[in-house]
Amino acid sequence: MSSMIEVKQLQKSFGSLDVLKKITFDVKPGEVVAVIGPSGSGKSTMLRSLVYLEEVTGGSIFIQGKPLVENGKYASGADIRGITAAMGMVFQHFNLFPHLTVRGNLELAPRTLKRENTQDITAKSRELLSKVGLADKAEVYPSMLSGGQKQRVAIARALMLNPDILLFDEPTSALDPELTGEVLRVIRQLAEENMTMIIVTHEMNFARDVADRVIFMDNGEIAESGTPEEIFGNPQLERTRTFLYRD
Ligand SMILES: Nc1ncnc2c1ncn2[C@@H]1O[C@H](COP(=O)(O)OP(=O)(O)OP(=O)(O)O)[C@@H](O)[C@H]1O
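None of the values given here were measured: they were computed from a predicted structure.

Q: Tell me about the layout of surface pockets, residues and numbers included.
A: Approximately 810 Å³ is the volume found for the largest pocket. Together, 27 residues line the largest pocket, and Met 87, Gly 88, Met 89, Ala 109 and Leu 161 are the ones closest to its centre. Breaking the lining of the largest pocket down by element, the ones donating at least two residues are α2 (77–84), β7 (87–90), α3 (102–113) and α5 (147–159). The dominant element in the lining of the largest pocket, judged by the number of residues it contributes, is α3, at 5 residues.

Listed below in structure tokens is the structure:
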């Protein structure tokens with residue numbers, strides 16, 4: 001099966017700081033990949049590079065076989081937009097527009113892109129809000145919502161553009177513990193629907209349950225990669241053990 005995402009020898013430096021040190025991995029259609037690892041190991045930078053929120057210093061990223069960047073050379077602007085359109089991203093701090101209602105947040109990008117008519121966009125926002133359990137919040141502003149509700153709006157918003165791949169950057173790290181469950185349930189449902197996802201997370205139980213594969217990043221490298229059983233169940237993986245039982 002061909003890859004949804006293929007990353008080869010990816011390098012990123014901020015000045016003299018090497019944040020990604022020749023990282024290589026791929027993601028198959030329908031696969032759920034959890035990325036774990038210590039703070040500062042490069043997880044966010046890797047994820048942001050996939051959607052061109054960061055420009056890498058070297059290596060290649062192919063999305064559905066198309067080169068976003070190949071051996072450090074980026075595609076043209078129009079091609080970059082086309083290639084990254086396959087991906088939706090959900091951030092730790094939700095990044096909702098405070099001056100727009102929940103429905104406004106969902107409908108802004110599709111209305112701007114004008115790929116669908118207004119009626120279809122409205123129908124879809126209604127459907128997606130009910131999918132994330134927020135049908136009754138359409139006309140409310142984000143400031144009226146809990147963190148868990150905001151994150152569910154952000155997920156629905158990401159789904160509005162029909163992405164083939166969803167990327168999550170610590171989606172529950174900004175939430176009170178009692179609100180993480182409602183967000184993880186939505187992500188779990190997407191996994192059951194075979195959405196291709198990369199999830200950077202500190203929720204180890206969730207990674208173990210939902211991921212097909214776990215990538216453990218340490219100091220800008222992929223230190224280990226394998227099934228949850230291989231990563232969490234193997235006492236030989238010293239770097240992973242040190243991380244998991246650091247407290
Ligand atoms: N814009 C930037 N300029 C300079 N250094 C940066 C920048 N962004 C990230 N870094 C550095 O790159 C390294 C990797 O950061 P990154 O956010 O990717 O790590 P992370 O594994 O996601 O960490 P966390 O779990 O804390 O979010 C860190 O040392 C960070 O300070």
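Structure shown, so let's carry the discussion forward.
Q: Tell me what's going on with the site of the ligand, and back it up with residues and numbers.
A: Taken together, 13 residues surround the ligand, and among them Ser 39, Gly 40, Lys 43, Ser 44 and Thr 45 come closest. A distance of 3.0 Å separates an oxygen atom of the ligand from a polar atom in the backbone of Gly 42. Within the complex, the protein chains bury 60% of what would otherwise be the 640 Å² of accessible surface of the ligand. At the level of elements, β2 (17–27) and α1 (43–50) are the ones that each hand at least two residues to the shell around the ligand. Element by element, the count of residues in the shell around the ligand is highest for α1, at 3 residues. Class assignment for the residues of the shell around the ligand results in 4 nonpolar, 7 polar and 2 charged.

Q: Give me the nonpolar core: which residues, what numbers.
A: In terms of nonpolar packing, the biggest core is built from 35 residues, with Ile 155, Phe 168, Ile 187, Leu 190 and Met 197 touching the most fellow members. Listed by contribution, the elements that provide at least two residues to this core are α3, α4 (118–131), α5, β8 (165–169), α6 (177–192), β9 (196–200) and α7 (204–210). Counting 32 residues, the second-largest nonpolar core is a separate cluster that includes Leu 20, Val 27, Ile 215 and Met 217.

Q: Describe the sheet that holds strand β11 (residues 221–226), with residues and values.
A: The strands making up a sheet are joined through hydrogen bonds of the backbone, oriented either antiparallel or parallel. Read across the sheet, 6 strands follow the order β7-β8-β9-β3-β10-β11 without closing on themselves; strand pairing throughout is mixed. One side of each edge strand has no neighbouring strand; the edge strands of this open sheet are β7 and β11. Between one strand axis and the next, the sheet turns through 15° on average, direction left out of account. Running at roughly 150° to β9, α6 makes contact with β3 (32–36), β8 and β9 of the sheet.

How each quantity is defined
- Throughout, a residue's number is its position along its own chain's written sequence, starting from 1.
- For this predicted model, a pLDDT threshold of at least 70 governs which residues receive local features, and a threshold of 80 or more governs which side-chain atom pairs are given and counted, while totals over whole chains, interfaces and linings are taken from all residues.
- Processing note: side-chain calculations cover all non-hydrogen atoms of the structure and skip hydrogens and water entirely.
- Put simply, the grid is 1 Å and covers the protein atoms alone, a cavity is a trapped set of points that fit a 1.4 Å probe, a pocket is an open set with protein on both sides within 12 Å along at least five of seven lines, and lining residues have an atom within 4 Å of a point.
- Grid points are joined across faces, edges and corners, and a volume is the space filled by probe spheres set on the points.
- Where helices and strands are cited, they refer to DSSP runs of H or I of at least four residues and of E of at least two residues respectively, numbered from the N terminus.
- One heavy atom within 4 Å of a molecule or strand makes the whole residue count as near it.
- Contacts described as polar in this section are N or O atom pairs within 3.5 Å, which, within protein, must combine one atom able to donate a hydrogen with one able to accept it, while residues neighboring in sequence count only if both atoms come from side chains.
- The protein chains shown are the only cover counted for residues, whose accessible areas, like all others here, come from Shrake-Rupley with a 1.4 Å probe.
- When residue character is reported, Ala, Val, Leu, Ile, Met, Phe, Trp, Tyr, Cys and Pro are called nonpolar, Asp, Glu, Lys and Arg charged, and the others, Gly included, polar.
- Residues enter a nonpolar core if they are buried and are Ala, Val, Leu, Ile, Met, Phe, Trp, Tyr or Cys, with the set joined through side-chain atoms within 4.5 Å.
- Summary of the burial criterion: residues with accessible area below 20% of their type's maximum are buried, those above 50% are exposed, and those between are partly exposed, where the area comes from a 1.4 Å probe applied to protein chains only.
- In this description, strands pair whenever DSSP reports at least two bridges between them.
- Here an axis means a line fitted to C-alpha atoms, over the contact stretch when the element is a helix, while the angle between two N-to-C directions is reported on a 0 to 180 degree scale.
- Any two residues whose heavy atoms approach within 4.5 Å at even a single point are treated as in contact.

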